[in-house]
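Observations on chain architecture
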Amino acid sequence: MQSKLKGNVAMGIAKIFSGLNENALRYLLPTWMGAITGVLLRLAGGTILFFLWGKYMNHRDPSRPKASVRDRLWLFAIGVVMVYGYMWSLLEGLTYTTPISSSIFISLQPAWVFIICLVMHTERATKGKVVGLLLGFGGALLCILTGHHSDVATDPFRGNMYCLLSSVLYAGYLVVQKVFLKRLDNSTVSMWTFFGGAVAAVVAVLITGWDAKVFTQDLFSTPMLILGFVIFFPSFISYLLQDIGLKNLPATVVALYGEVILVVATIASYLLGQDRFSWWQMLAIVLMLGSVYLVESAESKTSSPASSVSSSH
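**A word on the overall build of the chain**
Counting its regular elements, the chain contains 13 helices and zero strands. When its helices and strands are written in sequence order, the chain yields α-α-α-α-α-α-α-α-α-α-α-α-α. Across the 313 residues in the chain, those meeting the buried criterion constitute 56%. At a minimum sequence separation of 6, the contacts of the chain that also span at least 24 residues come to 88%.

Written as structure tokens, this is what we have:
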């Protein structure tokens, strides 16, 4: 029970930061930096912070399990494909759509995790889960079909498609990451995956060019402070806490915490004027929340507390 409480508290805090990250990135993109450059800044900053955290933890506990060369190569490859892929598609999406629309697609992560685990034969389909997933897909489809150009979103359909891709890649990352966290510490797993993503981002920037007007501002200017928030809290603290969640909770439950991102991003978007109220959008959010409730209820009925961590993922 204590481990589950620890995992749930960690995930709650992590996803509050992730929700605010949607609004912070929307502020920075594309005025203060391009999406590809933004990915490099996030991944490079995260890699450095996880490296320093790993050094600190190794000093405190030299007996911690060490990653083999094979583990590091796998984690690096996961970073190149999944971490870079989902961060790039998220930032590219936020360039064209709103934080609320982006968060709606992030809310599809439990569905993708469930489908991946279904293919891997670590989950079984039930009526409640299938109905819940269909409800979630309906909410996402509603968001796609009702998107339109406005003063807050230049190309919602294009942005939503990028965000949809991001949610699929991130769900795959959660499932794979949990496998490694069973035997490696979180700083090692995150550092090597972020490092792989950072190398991919460097290659992308060399091809497309550097675009970071944010660095023309003073150190304590609003754009620089927001960039500092993005690099430290959503890109380091949030992932550190998420790793704690993955160690103590099933990946499906971790993915369900994407709903916190939706709630936080919705409130912040309306307060900051980054989105306009839409009944279609509200209906999509209701469908997504209903989807989560059905899937979570079905999960609790089919998995016992003792077996959920060991048998799910």
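There is more to say, and it comes next.
**Considering the confidence of the model for the chain**
Across the chain, the average pLDDT comes to 85, with 88% of residues at 70 or higher. Low confidence marks residues 304-313, where pLDDT is under 50. Its contacts with residues over four positions away, or in another chain, come to 23 contacts.

**A look at the packing of helix α1 (residues 2-28) against helix α3 (residues 69-96)**
With their axes 9 Å apart at the nearest point, α1 and α3 run at an angle of 65° to one another. Seen from above, α1 lies across α3 with right-handed handedness. Contacts from Glu22, Leu25 and Arg26 in α1 reach Leu90, Leu91, Leu94 and Thr95 in α3. Tallied by class, the residues present in the contact of α1 with α3 amount to four nonpolar, one polar and two charged.

**What about the packing of aromatic side chains?**
By the definition in use, this model includes 16 aromatic pairs. Centroid distance Trp88 to Tyr162: 5.4 Å. Interplanar angle 85°. Geometry classified as edge-to-face. Taken together, the positions of Trp88 in helix α3 and Tyr162 in helix α7 (residues 156-181) put the pair 74 residues apart, joining distant regions of the chain. Using a relative accessible area of 24% as the deciding quantity, one classes Trp88 as partly exposed. With a centroid separation of 5.0 Å and 85° between ring planes, the pair formed by Phe232 and Phe233 is classed as edge-to-face. Residue class for Phe232 comes out partly exposed when judged on its relative accessible area of 34%. Phe233 sits in the partly exposed class, given a relative accessible area of 30%. The rings of Phe17, Phe50, Phe194, Phe229, Phe232, Phe233, Phe236 and Tyr239 are connected pair by pair, giving a single aromatic cluster.

**Observations regarding the environment of Leu40**
Mapping Leu40 onto the fold places it in helix α2 (residues 35-60). In this structure Leu40 comes out as buried when scored by relative accessible area, which is 12%. Setting aside chain neighbours within four positions, we find Leu40 in contact with Gly45, Ala198, Ala201, Val202, Val205 and Trp210.

**Some thoughts on the environment of Lys127**
Mapped onto the secondary structure, Lys127 falls in helix α6 (residues 127-146). Here Lys127 falls in the exposed class, since its relative accessible area comes to 72%. On a C-alpha basis, the gap between Lys127 and Leu294 in space is 9.5 Å, while along the polypeptide they are 167 residues apart.

**Here's the deal with a nonpolar patch on the surface**
A surface patch of nonpolar side chains, about 510 Å² in accessible area, is lined by Val263, Ile267, Leu271, Leu272 and Leu289. Of all the elements, helix α11 (residues 258-272) adds the most residues to the nonpolar patch, at four residues. Take Ile267: it is sitting in helix α11.

**Remarks on the nonpolar core**
Grouped together as the largest cluster of nonpolar side chains are 75 residues, with contacts concentrated most on Leu43, Tyr84, Met87, Val113 and Tyr239. Among the elements that take part in this core, helix α9 (residues 222-248) stands out by supplying 11 residues, more than any other.

**Brief notes about the pattern of salt bridges**
Summed over the entire model, instances satisfying the criterion amount to three salt bridges. In this structure, the salt-bridge partner of Arg64 is Asp185, at a minimum N-O distance of 3.0 Å. One end of the pair, Arg64, is in the loop between α2 and α3; the other, Asp185, is in the loop between α7 and α8 (186-208), with 121 residues separating them in the sequence. The class of Arg64 is buried, set by a relative accessible area of 9%. Linking Asp211 and Lys213 is a salt bridge whose minimum nitrogen-to-oxygen distance equals 3.3 Å.

**Some thoughts on the packing of α3 against α7**
Where α3 meets α7, the closest approach of the two axes is 7 Å, and the angle between their N-to-C directions is 155°. The angle between α3 and α7 falls in the class roughly antiparallel. Seen from above, α3 lies across α7 with left-handed handedness. When its residues are assigned to classes, the contact of α3 with α7 shows 18 nonpolar, six polar and three charged.

**A short note on the side chain of Gln109**
In this fold, Gln109 is placed in helix α5 (residues 109-119). When neighbours within four sequence positions are excluded, Gln109 is seen to be in contact with Ser167, Tyr170, Ala171 and Ala255.

The rules behind the values
- Residues numbered from 1 in each chain as written.
- Predicted model: local features only at pLDDT ≥ 70, side-chain atom pairs only at ≥ 80, totals over all residues.
- Heavy atoms only, no water.
- Helix = DSSP H or I, 4+ residues; strand = E, 2+ residues; numbered from the N terminus.
- Buried < 20%, exposed > 50% of the residue type's maximum accessible area, 1.4 Å probe, protein only.
- Contact = heavy atoms within 4.5 Å.
- pLDDT = per-residue confidence, 0-100.
- Axes fitted to C-alpha atoms, helices over the stretch in contact; angles between N-to-C directions.
- Left-handed = near helix turned anticlockwise from the far one by under 90°.
- Nonpolar A, V, L, I, M, F, W, Y, C, P; charged D, E, K, R; others polar.
- Phe/Tyr/Trp six-rings, centres within 6.5 Å; stacked < 30°, edge-to-face > 60°.
- Patch = residues over 30% accessible without salt bridge, like charges linked within 9 Å, V, L, I, M, F, W, Y side chains within 5 Å.
- Areas by Shrake-Rupley, 256 points an atom, 1.4 Å probe, with all protein chains shown as cover.
- Salt bridge = Lys/Arg side-chain N within 4 Å of Asp/Glu carboxyl O.
- Core = buried A, V, L, I, M, F, W, Y, C linked by side-chain atoms within 4.5 Å.
- Parallel < 35°, antiparallel > 145°, perpendicular 65-115°, else oblique.

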